[in-house]
Amino acid sequence: MTDAAPLAIETRGLDLWYGDFQALYGVDVRVRAGIITSLIGPSGCGKTTLLRCFNRINERYPNVRTGGVIRVLGEDIYDPSVSLIELRKAVGMVFQRPNPLPISVYENVVFGLRVHTPRGELKRAALDEAVEKALTEVGLWKDLKDRLHDRATTLQLEQQQKLCIARLLPLKPDIILMDEPCSALDVEGTRAIEELMFELRGRYTIVIVTHNMAQARRASDECVFLLLGKLIEHSRTADLFLSPKEARTAEYIEGRYG
Ligand SMILES: Nc1ncnc2c1ncn2[C@@H]1O[C@H](COP(=O)(O)OP(=O)(O)O)[C@@H](O)[C@H]1O
Ligand SMILES: [Mg+2]
């Protein structure tokens, strides 16, 4: 990965406040396209907050204020010309607990397409194709092709989480944000999601929040270490774990705090 690789996300001087509480301080981060980047650091350091800046979903909280610049795919996402809907199609998000809608597997996958396409323009064949394509991409097609009309909430948790990734894909995202996507899963489920991340890598830029050092080490190309709302170090994963540049990074990965 050279420094010339295109950037998927770039922030400059990113500050964020929840009311009077400042949660991010002058974060400059450059996320390269097509790789897996982990956000790591102790609980409360701002990982989720930073992740949620990248598709402006933080704004769902009433008292959030941000300062600085956030560019996604080269565009300033606070520019008035940017459509929030288009931004959130391009930058999909997966949460800690799988949260499929309590409707069928099929309808979960096409939900976004239905929301974003004018009525009547979606033909059954196109929807069927989108479902097969998305479920194939996340490795669920074989298991679920005969269960497409089962309620998604009856699936195993691992399948539910894969479905939550699958339902982003018909919208053709460039970036997939994952906030501790394995925290509700067992070891097998965790491994399955990590394998899926590797499958998706290259076609999508993946940013994952994890408090699990072993996961960051196994599953990411680069790691961003945050502490008390500040970016302390951003390195290739092997470098961060083997020869961290910052003493505070070394202390964290040695388990001295967090
Ligand atoms: N909606 C909110 N309102 C007020 N404070 C918040 C809110 N969300 C998070 N915080 C605070 O911001 C800091 C960073 O939180 P968060 O980004 O969730 O950390 P992490 O994901 O690293 O555990 C914490 O001190 C947390 O208490
Ligand atoms: Mg968090």
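As a reminder, the structure under discussion sits directly above these lines.
First, a word on what this report is: a plain description of the structure on this page.

1. Considering the overall build of the protein
Here's step 1: On a plain count of helices and strands, the protein comes out with 10 helices and 10 strands.
Here's step 2: Computed over C-alpha atoms, the radius of gyration of the protein comes to 19 Å, within 12% of the 18 Å expected from 2.2 N^0.38 for 258 residues, which places it in the range of a compact globule.
Here's step 3: Its C-alpha atoms give the protein principal-axis dimensions of about 55 × 45 × 35 Å.
Here's step 4: The proportion of buried residues among the 258 residues of the protein is 51%.
Here's step 5: In the protein, the share of contacts with a sequence separation of at least 24, taken over all contacts with a separation of at least 6, comes to 68%.

2. Thoughts on the packing of aromatic side chains
Here's step 1: With the rule as written, the count across this model stands at two aromatic pairs.
Here's step 2: Ring centres of Tyr18 and Tyr61 lie 6.1 Å apart, and the angle between their planes is 80°; this geometry places the pair in the edge-to-face category. With Tyr18 in strand β1 (residues 7-18) and Tyr61 in the loop between α1 (47-53) and β4 (64-72), the pair connects residues that are 43 residues apart, well separated along the chain.
Here's step 3: Residue classification places Tyr61 among the partly exposed residues on the basis of a relative accessible area of 38%.
Here's step 4: Ring geometry for Phe225 versus Tyr252: centroids 5.0 Å apart, planes at 20°, classification stacked. With Phe225 in strand β9 (residues 222-227) and Tyr252 in helix α10 (residues 247-253), the pair connects residues that are 27 residues apart, well separated along the chain.

3. Regarding the nonpolar core
Here's step 1: The biggest cluster of nonpolar side chains holds 37 residues, and the ones touching the most others in it are Val131, Leu135, Leu163, Ile176, Met178 and Met197.
Here's step 2: One finds Leu24, Leu87, Ala90 and Val91 within the second-largest nonpolar core, a separate group that totals 31 residues.

4. A few points about the pairing of β9
Here's step 1: Counting buried residues in β9 gives six out of six residues, a clear majority hidden from the surface.
Here's step 2: Residues Glu222, Val224 and Leu226 of β9 are buried on one face, and the alternating residues Cys223, Phe225 and Leu227, pointing to the opposite face, are buried as well.
Here's step 3: Pairing analysis gives six bridges linking β9 to strand β10 (residues 230-236), with the strands arranged antiparallel. By the bridge assignment, Phe225 is partnered in β10 with Glu233.
Here's step 4: Remark: two residues form the turn of the hairpin made by β9 and β10, two consecutive strands paired antiparallel; Leu228 in that turn has positive phi of roughly 50°.

5. Observations regarding the sheet that holds strand β6 (residues 91-94)
Paired through backbone hydrogen bonds, the strands of a sheet run either parallel or antiparallel to each other.
Here's step 1: With mixed pairing, the six strands of this open sheet are ordered in space as β6-β7-β8-β3-β9-β10. Among the strands making up the open sheet, the edge pair consists of β6 and β10. With strand direction ignored, the average angle separating the axes of adjacent strands in the sheet is 20°.
Here's step 2: Contacting β3 (36-40), β7 (175-179) and β8 (205-209), helix α7 (residues 187-200) runs over the sheet at an angle of about 155° to β8.

6. Observations concerning the pairing of β8
Here's step 1: The buried count for β8 comes to five of five residues, which makes it a mostly enclosed element.
Here's step 2: As defined by bridge partners, β3 adjoins β8 across four bridges and the pair is classed as parallel. Paired with Ile36 across the two strands is Ile206, which belongs to β8.
Here's step 3: Of the crossover connections in this fold, the one passing from β7 over α7 to the parallel β8 is right-handed.

7. A few points about unusual backbone geometry
Here's step 1: Its identity is not glycine, yet Glu180 carries a phi of approximately 45°, on the positive side.
Here's step 2: Looking at the secondary structure, you find Glu180 in the loop between β7 and α7.
Here's step 3: Residue Glu180 is classed as buried on the basis of its relative accessible area, which comes to 12%.
Here's step 4: Although it is not a glycine, Leu228 sits at a positive phi angle of roughly 50°.
Here's step 5: The exposure class assigned to Leu228 is exposed, which follows from its relative accessible area of 70%.

8. Topic: the packing of helix α6 (residues 157-166) against α7
Here's step 1: Their axes nearest at 9 Å, the elements α6 and α7 cross at an angle of 20°. Between α6 and α7, the interaxial angle falls into the category roughly parallel. In the packing of α6 onto α7, the handedness of the crossing is right-handed. Within the contact between the two elements, α6 uses Glu158, Gln161, Lys162 and Ile165 and α7 uses Glu188, Gly189, Ala192, Ile193, Leu196 and Leu200.
Here's step 2: Considered class by class, the residues forming the contact of α6 with α7 number five nonpolar, two polar and three charged.

Definitions and cut-offs
- Residues numbered from 1 in each chain as written.
- Chains lettered and ligands numbered in written order.
- Predicted model: local features only at pLDDT ≥ 70, side-chain atom pairs only at ≥ 80, totals over all residues.
- Heavy atoms only, no water.
- Helix = DSSP H or I, 4+ residues; strand = E, 2+ residues; numbered from the N terminus.
- Rg over C-alpha atoms; globule rule 2.2 N^0.38 Å.
- Buried < 20%, exposed > 50% of the residue type's maximum accessible area, 1.4 Å probe, protein only.
- Contact = heavy atoms within 4.5 Å.
- Phe/Tyr/Trp six-rings, centres within 6.5 Å; stacked < 30°, edge-to-face > 60°.
- Core = buried A, V, L, I, M, F, W, Y, C linked by side-chain atoms within 4.5 Å.
- Pairing = 2+ DSSP bridges.
- Axes fitted to C-alpha atoms, helices over the stretch in contact; angles between N-to-C directions.
- Right-handed = clockwise from strand over helix to strand, strands pointing away.
- Parallel < 35°, antiparallel > 145°, perpendicular 65-115°, else oblique.
- Left-handed = near helix turned anticlockwise from the far one by under 90°.
- Nonpolar A, V, L, I, M, F, W, Y, C, P; charged D, E, K, R; others polar.

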